[in-house]
Amino acid sequence: MHASRGTQKRSAGLGLALLSAFAFGGSGVAAKPLIEAGLDPLHVVWLRVAGAALIMLPVAWRHRNLVRERPALLAGFGLFAVAGVQACYFAAISRIPVGVALLVEYLAPALVLGWVRFVQRRPVTRAAALGVVLAVGGLACVVEVWAGLSFDALGLLLALGAACCQVGYFVLSDHGGQEAKGRDGRESKGGDAGSVEPPPPLGVIAYGLIVGALVLTVVARPWGMDWSLLGGTAGMNGTGVPAWVLLGWIVLIATVLAYGTGVVSVRMLSPQVAGVVACLEAVIATVLAWVLLGEHLSAPQLIGGFVVLTGAFIAQSSAPKPPSGPVAAGAGAAAAAAESELSAGRASH
């Protein structure tokens, strides 16, 4: 009976992870026409996050106790997994192809493993190190280093910034673990006084979006935006598409649905497994950009992209778990990282 339930839970988690990868993968394809139509990348990010936060307000009210119980988690999720990733990513795709921006972000496994090895001073497996080498080598093909970096250098730096921020997505998504844990690190049972209940994922998302919207309001200053552009059309590979349709897709599908299914899938699977499935996001985004935006990648870039994803797959599958035992409390993303399984690979766009 327990094995059957476990299989059903895993299957449901994989389905949600795939849905999340598809939803996230379409965000850049929908956002780039809006940016090319005249909207500033930061304004598009603000519209996306603020719109999603507005939709999630009822959920935030239902879980209002999180503000008192998990303020550091909510602040970290809003700053890094929402505002940081999306601002850097949308700014990057305004300068470089969507597929290239996403593939650059798949350096995240290397960043996580570097943190594990040099900050936490814990060993990493040879397979994980091989994955990092493959990811970096594949990235060199994607950006065509032999041509002196054929893409905009600032765009590549912005994509790398998104990679640095998106590491926090899985780490913070898995904050608290899949089950309540006792203070001694063991799984708690029943009403054990030492247990720590994991925060509800939808509540974390709702407040993460609210925090992200507040931060982006200060940074993007939307009162200076040309709102009339939302009533016009945006060109998608020669075809005019209503701007409000693209914005609706970004808010409802690529944000609310994507974050919701993504965080729930992490809880049902694990950061490592969900991260491996999330590698499909780069494939989906590249194919959609090819078909809908006419962004073609060369053969070496496609080969390099495959190598990047292979390296990310190996690195995530081989990522070590944190040591068992008492976990010291901390602040912000560092505390969440210490209490979570280490993983990377989600470009939470």
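The rules behind the values
Residues numbered from 1 in each chain as written. Predicted model: local features only at pLDDT ≥ 70, side-chain atom pairs only at ≥ 80, totals over all residues. Heavy atoms only, no water. Helix = DSSP H or I, 4+ residues; strand = E, 2+ residues; numbered from the N terminus. Contact = heavy atoms within 4.5 Å. Areas by Shrake-Rupley, 256 points an atom, 1.4 Å probe, with all protein chains shown as cover. Buried < 20%, exposed > 50% of the residue type's maximum accessible area, 1.4 Å probe, protein only. Pairing = 2+ DSSP bridges. Phe/Tyr/Trp six-rings, centres within 6.5 Å; stacked < 30°, edge-to-face > 60°. pLDDT = per-residue confidence, 0-100. Core = buried A, V, L, I, M, F, W, Y, C linked by side-chain atoms within 4.5 Å. Expected span 1.5 Å × (residues − 1). Polar contact = N/O pair within 3.5 Å; in protein donor to acceptor, adjacent residues only side chain to side chain. Salt bridge = Lys/Arg side-chain N within 4 Å of Asp/Glu carboxyl O. Disulfide = S-S within 2.5 Å.

(A) Just the overall build of the chain, in detail. Helix and strand content of the chain: 16 helices and 2 strands. Pairs at least 24 apart in sequence give 85% of the contacts found in the chain among residues at least 6 apart. Per element, the accessible surface of the chain, about 15,100 Å² overall, is 67% carbon and sulfur.

(B) Layout of the pairing of strand 1 (residues 233–236). Along strand 1, the buried face is formed by A234 and M236; none of T233 and G235, which line the opposite face, is buried. Here strand 1 runs beside strand 2 (residues 239–242); their pairing, made up of 4 bridges, is antiparallel. Bridge pairing links G235 to G240 in strand 2. Where strand 1 folds back on strand 2, the antiparallel hairpin that results is connected by 2 residues, among which N237 adopts a positive phi of roughly 55°.

(C) Region of interest: unusual backbone geometry. In the Ramachandran plot, R221 falls in the positive-phi region, its phi being about 50° despite a non-glycine side chain. The backbone phi angle of N237 is positive, close to 55°, even though this residue is not glycine. For N237, the position within the fold is in the loop between strand 1 and strand 2.

(D) Expanded view of the packing of aromatic side chains. Under the counting rule described, the total for this entry stands at 4 aromatic pairs. Aromatic pair W46 and W227: ring centres 6.1 Å apart, planes at 90°, arrangement edge-to-face. In this pair, W46 sits in helix 3 (residues 41–55) while W227 sits in the loop between helix 11 (201–220) and strand 1, placing the two residues 181 residues apart along the sequence. Among the residues examined, W46 registers a relative accessible area of 15% and is labelled buried. Relative to Y259, the ring of F77 lies with its centre 6.3 Å away and its plane at 65°, an arrangement referred to as edge-to-face.

(E) Summary view of the confidence of the model for the chain. Of the residues in the chain, 75% have a pLDDT of 70 or more, and the chain-wide mean is 77. Per-residue pLDDT stays below 50 along residues 322–348; that stretch engages in 77 contacts with residues further than four places along the chain or on separate chains.

(F) View of the side chain of H43. With respect to the helices, strands and loops of the structure, H43 is situated in helix 3. Exposure remark for H43: the relative accessible area of 12% places this residue in the buried category. Aside from chain neighbours lying at most four places away, what touches H43 is A220, R221, P222, G224 and M225.

(G) Focus on the nonpolar core. Core analysis: the largest hydrophobic core is formed by 76 residues, its most contacted members being L34, V44, Y89, I93, I96, V100 and L209. For L209, the contacting residues outside a window of four places in its chain are V49, A52, A53, M56, V82 and T255. Ranked by size, the runner-up nonpolar core spans 5 residues in total, among them A110, A128, V132 and A315.

(H) Structural context of the environment of I35. Within the secondary structure layout, I35 lies in helix 2 (residues 27–36). I35 sits 199 residues away from A234 along the chain, and the two C-alpha atoms are 8.7 Å apart. For I35, the residues in contact, after removing those within four places along its chain, are P41, V44, F90, I93 and S94.

(I) Molecular detail of helix 3. Between its first and last C-alpha, helix 3 extends 21 Å over 15 residues, near the 21 Å set by a 1.5 Å rise per residue. Counting buried residues along helix 3, 11 of its 15 residues qualify, which places the element largely inside the surrounding structure. Among the residues of helix 3, P41, H43, V44, V45, W46, L47, R48, V49, A50, A52 and A53 are the ones counted as buried. Between the side-chain oxygen of the N-cap and the backbone nitrogen of L42 there are 2.8 Å, and the N-cap of helix 3 in question is D40.

(J) Representation of the pattern of salt bridges. Inspection of every chain in the model, using the stated rule, returns 3 salt bridges. With its nearest N and O atoms 2.8 Å apart, the salt bridge here joins E295 to K32. Taken as a pair, E295 in the loop between helix 14 (280–293) and helix 15 (299–317) and K32 in helix 2 lie far apart in primary sequence, 263 residues in all. Taking relative accessible area as the criterion, E295 reaches 14% and is therefore assigned buried. Between R68 and E69 there is a salt bridge, with its nearest N and O atoms 3.7 Å apart. For R68, a relative accessible area of 62% corresponds to the exposed category.

(K) Fine view of the side chain of T255. Relative to the elements of secondary structure, T255 occurs in helix 12 (residues 243–268). A relative accessible area of 0% means that T255 is categorised as buried. Within the structure, the side chain of T255 is placed 2.7 Å from the backbone oxygen of I250, a separation counted as a polar contact. Setting aside residues no more than four positions away along its own chain, T255 makes contact with R48, A52, L209, I250 and G260.

(L) Fine view of the state of the cysteines. In total, this model carries 0 disulfides according to the counting rule given. Left without a disulfide partner, C165 is nearest to the cysteine sulfur of C88, which lies 4.9 Å away. Judged by relative accessible area, C165 falls into the buried class, the value being 16%.

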